[in-house]
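# Commentary on secondary and tertiary structure
One letter stands for each residue in the lines below.
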Amino acid sequence: MPTSEDSQHDLFQDAITRLTTAAALSEIEDEAVQRLRHPKAILEVSIPIRMDDGTLRVFTGYRVRHDDTRGPTKGGIRYHPDVNLSEVKALAFWMTCKCAVVGIPYGGAKGGVIVNPKELSPLELERLSRGFIDQIADFIGPETDVPAPDVYTNARIMGWMMDEFSKLRRQRTPAVITGKPVSLGGSLGRDDATGRGAYFCIKELERLRKWQPREIRVAIQGFGNAGQHVAQLLHNDGYRIVAVSDSRGGVYRPEGFDIASLIQAKNETRQVKAVYCDGSVCEAVKADTISNEDLLELDVDLLIPAAMENQITADNAANIKAPVIVEIANGPTTSDGDAVLVAKNTLVVPDILANAGGVTVSYFEWVQNKAGYYWPLEEVHTKLHAIMVREFNAIYELMLKKSIDMRTAAYVHALNRIGEAIEAQGTSRYFSNEIAK
Ligand code: GLU
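Below you will find a few notes about this structure. In this text, all values refer to a predicted model and were calculated from it rather than measured experimentally. (Residues numbered from 1 in each chain as written. Predicted model: local features only at pLDDT ≥ 70, side-chain atom pairs only at ≥ 80, totals over all residues. Heavy atoms only, no water.)

### Looking at the site of the ligand
- Every one of the 14 residues lining the ligand counts as a neighbour, but Lys74, Lys98, Pro149, Asp150 and Ser362 are closest to it.
- In this structure, an oxygen atom belonging to the ligand sits 2.6 Å away from a side-chain N or O atom of Lys98.
- One nitrogen or oxygen atom from the side chain of Asn330 is found 3.0 Å from an oxygen atom belonging to the ligand.
- Out of a free accessible area of 300 Å², the ligand has 94% covered by protein chains.
- Sorting the residues of the shell around the ligand by element identifies β3 (73-80), α3 (85-101), β5 (145-149) and α14 (357-371) as the ones contributing at least two each.
- Residues belonging to the shell around the ligand are distributed by class as follows: four nonpolar, five polar and five charged. (Near = heavy atom within 4 Å. Polar contact = N/O pair within 3.5 Å; in protein donor to acceptor, adjacent residues only side chain to side chain. Areas by Shrake-Rupley, 256 points an atom, 1.4 Å probe, with all protein chains shown as cover. Helix = DSSP H or I, 4+ residues; strand = E, 2+ residues; numbered from the N terminus. Nonpolar A, V, L, I, M, F, W, Y, C, P; charged D, E, K, R; others polar.)

See the structure below:
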């Protein structure tokens, strides 16, 4: 049995494996790759919180800044009981690559607190969020490191965090954090940006593969912010969403679901499975319940993992029938699972491209905060569309040109940009030549 230390070690190491493969195909110098193997800085904090019943609980949180060569580090904060340092390091590394993939001027970071937020009252959640900012305030800032939402954090939490940071600074500082409520300096279009970015990738696939939406059966694992939005956007265009799941299980209906009522019911009952299979609705609309594992192996045309990492592994990759996977979660496929998919020619639009819509609109939010000038929704959508289409096609063409899989192409694309920035500061090739002169 691997110890939890081992498995923690594995996630970051697994992420770094991709770096080695892609670096060999890109123009990046070895020295630059060496730098990317090590996060720039790691902070672990304890957050003492007074609970509603008067007792004290001490939570552990992390913030990792991976690389800031291309700009301030950027990345979300997640609240989850399984948060661990290796995971946060891997997520921070992926953010460095993601920001480079879409060409926005940021490095990568990530934060996390070990907590099950569903067990906290709203007031405890607010105290925890403000308490975390109190502990990391010296580590973040609009020009150093800019957090955002991630798994189980949302706009309201970002609003509390921005307010706390502003209090500490004695200065209103909206640009310290993105994904805020629009009324507190958030950007229009940030709430559905991750789903919409993935949707724009799927529309490019539709064009390239001449898909008829009505014929495309889609399974979505994870029905949080991104999963719900991509489901709605695809459904509006006529795609058939035949399976959806959340952490408690899923539902399958070959005729497809009406997504608006699924979202509404999920938000009322807080679980997807209950929507169709508790009580009368289950009888009215025939749907089978399925597990998260079974959802991945359904006979569908498009599979969208939109939940957590490590879902597609060497154990189940061979059973996956979908010919196309669009990764909305961060790191849903392990590198050995990926090798199986590559071998059987599954087209995987990788996380660092497919879910980059979120951080792209976060960048728009930061720009608007710094300018103090706010854009209409149309402008956000148009600018996001332009970036997603440009980068999707650049990566798709690189994949064809180099005969590599799309994930490797995305990494090569990212590493070329990161490498250029690191090399602009000088590597030993430059310095030894200068000294020789
Ligand atoms: N948590 C999101 C991600 O993984 C968004 C990050 C951000 O907006 O900074 O991409």
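Now that the structure has been shown, the text picks up again.
### A short note on the packing of aromatic side chains
- Inspection of every chain in the model, using the stated rule, returns nine aromatic pairs.
- Consider the rings of Tyr199 and Phe200, whose centres lie 5.8 Å apart with planes at 45 degrees: the pair is tilted.
- Relative accessible area serves as the criterion here: at 11%, Tyr199 is assigned to the buried category.
- The exposure class of Phe200 is buried, given its relative accessible area of 10%.
- Considering the side-chain rings of Phe364 and Trp375, the 5.2 Å spacing of their centres and the 45 degrees angle between planes classify their relative orientation as tilted. Separated by 11 residues along the polypeptide, Phe364 in helix α14 and Trp375 in the loop between α14 and α15 (377-402) bring together distant segments of the chain. (Phe/Tyr/Trp six-rings, centres within 6.5 Å; stacked < 30°, edge-to-face > 60°. Buried < 20%, exposed > 50% of the residue type's maximum accessible area, 1.4 Å probe, protein only.)

### Some words on the packing of α14 against α15
- Direction vectors running N to C along α14 and α15 enclose 130 degrees, while the axes themselves pass 10 Å from each other. Between α14 and α15, the angle is such that the two are oblique. Where α14 crosses over α15, the two elements pack in a sense that is right-handed. Note on element contacts: α15 touches α14 through Val380, Lys383, Leu384, Ile387 and Met388, opposite Gly357, Thr360, Val361 and Phe364.
- Of the residues that constitute the contact of α14 with α15, the class distribution is six nonpolar, two polar and one charged. (Axes fitted to C-alpha atoms, helices over the stretch in contact; angles between N-to-C directions. Parallel < 35°, antiparallel > 145°, perpendicular 65-115°, else oblique. Left-handed = near helix turned anticlockwise from the far one by under 90°. Contact = heavy atoms within 4.5 Å.)

### Thoughts on empty space enclosed by the protein
- This model, assessed by the stated rule, comprises one cavity of 30 Å³ or more.
- In this structure, the largest cavity spans a volume of roughly 30 Å³.
- Taken together, Asp338, Val342, Thr346, Val348, Asp405, Met406 and Arg407 form the lining of the largest cavity.
- Elements supplying a minimum of two residues to the lining of the largest cavity: α12 (335-343) and α16 (406-424).
- Partitioning the lining of the largest cavity into residue classes produces three nonpolar, one polar and three charged. (1 Å grid on protein atoms, 1.4 Å probe; cavity = no way out; pocket = protein on both sides within 12 Å on 5 of 7 lines; lining within 4 Å. Points joined across faces, edges and corners; volume = space filled by probe spheres on them.)

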